[in-house]
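Fold and geometry: a report
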Amino acid sequence: MVNLGLNKEDEKINIQLKEKLGFKDELDMYLFAMSYAIKHNLTHPIHPSGTKWNSLDWIDLQGLVEILVPGISSEPHFCDNLARAGIYAIQDKLKIEPNLTVLWSARLPEGWK
């Protein structure tokens, strides 16, 4: 199990990004920010944060991140670090491109089940 959370300042930005980019909830924005950071090889120093989500029954988040970024799960608060890096990078990108949108599809590629 991985505890997930953000400090108050980061949570405020996460909520703003969620609303701007049209995510369903704060956790979806948090996970998107993590994936953005992984894709762009970003890190950001983590500040102490509280736990907001402490169980994701539908995914082995620690195992998934360890596959994508080997060795990172030994760092304290590695998920929060990635999410924070993504949140700030996305926020900076929106300053340059304020009309930026996120497109996603719920459809799996042909042949996937």
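All figures in this text were calculated on a predicted structure; none of them were measured in a lab.

Enumeration according to the criterion identifies three salt bridges in this entry. For the salt bridge of K95 with D92, the shortest nitrogen-to-oxygen distance reads 3.9 Å. With K95 and D92 both in helix α4 (residues 78–96) and three residues apart, this pair spans about one turn of that helix. Owing to a relative accessible area of 62%, K95 belongs among the exposed residues under this scheme. Residue D92 is classed as partly exposed on the basis of its relative accessible area, which comes to 41%.

Moving on: a nonpolar patch on the surface. Taken together, the side chains of L64, I67 and L68 present a nonpolar region at the surface, about 300 Å² in accessible area. By secondary structure assignment, the location of L64 is in helix α3 (residues 61–68). With a relative accessible area of 37%, L64 lands in the partly exposed category.

What follows deals with the packing of aromatic side chains. Inspection of every chain in the model, using the stated rule, returns two aromatic pairs. Where F23 meets F32, the ring centres are 5.1 Å apart and the plane angle is 40°; that geometry is what we call tilted. With a centroid separation of 6.4 Å and 40° between ring planes, the pair formed by F32 and Y36 is classed as tilted. Placement of both F32 and Y36 in helix α2 (residues 26–39) is noted, with a separation of four residues, approximately one turn of the helix. The partly exposed category is assigned to F32, whose relative accessible area is 24%. Take Y36: its relative accessible area is 18%, and that puts it in the buried class. Aromatic rings pair up to connect F23, F32 and Y36 into one cluster.

How each quantity is defined
Residues numbered from 1 in each chain as written. Predicted model: local features only at pLDDT ≥ 70, side-chain atom pairs only at ≥ 80, totals over all residues. Heavy atoms only, no water. Salt bridge = Lys/Arg side-chain N within 4 Å of Asp/Glu carboxyl O. Helix = DSSP H or I, 4+ residues; strand = E, 2+ residues; numbered from the N terminus. Buried < 20%, exposed > 50% of the residue type's maximum accessible area, 1.4 Å probe, protein only. Patch = residues over 30% accessible without salt bridge, like charges linked within 9 Å, V, L, I, M, F, W, Y side chains within 5 Å. Areas by Shrake-Rupley, 256 points an atom, 1.4 Å probe, with all protein chains shown as cover. Phe/Tyr/Trp six-rings, centres within 6.5 Å; stacked < 30°, edge-to-face > 60°.

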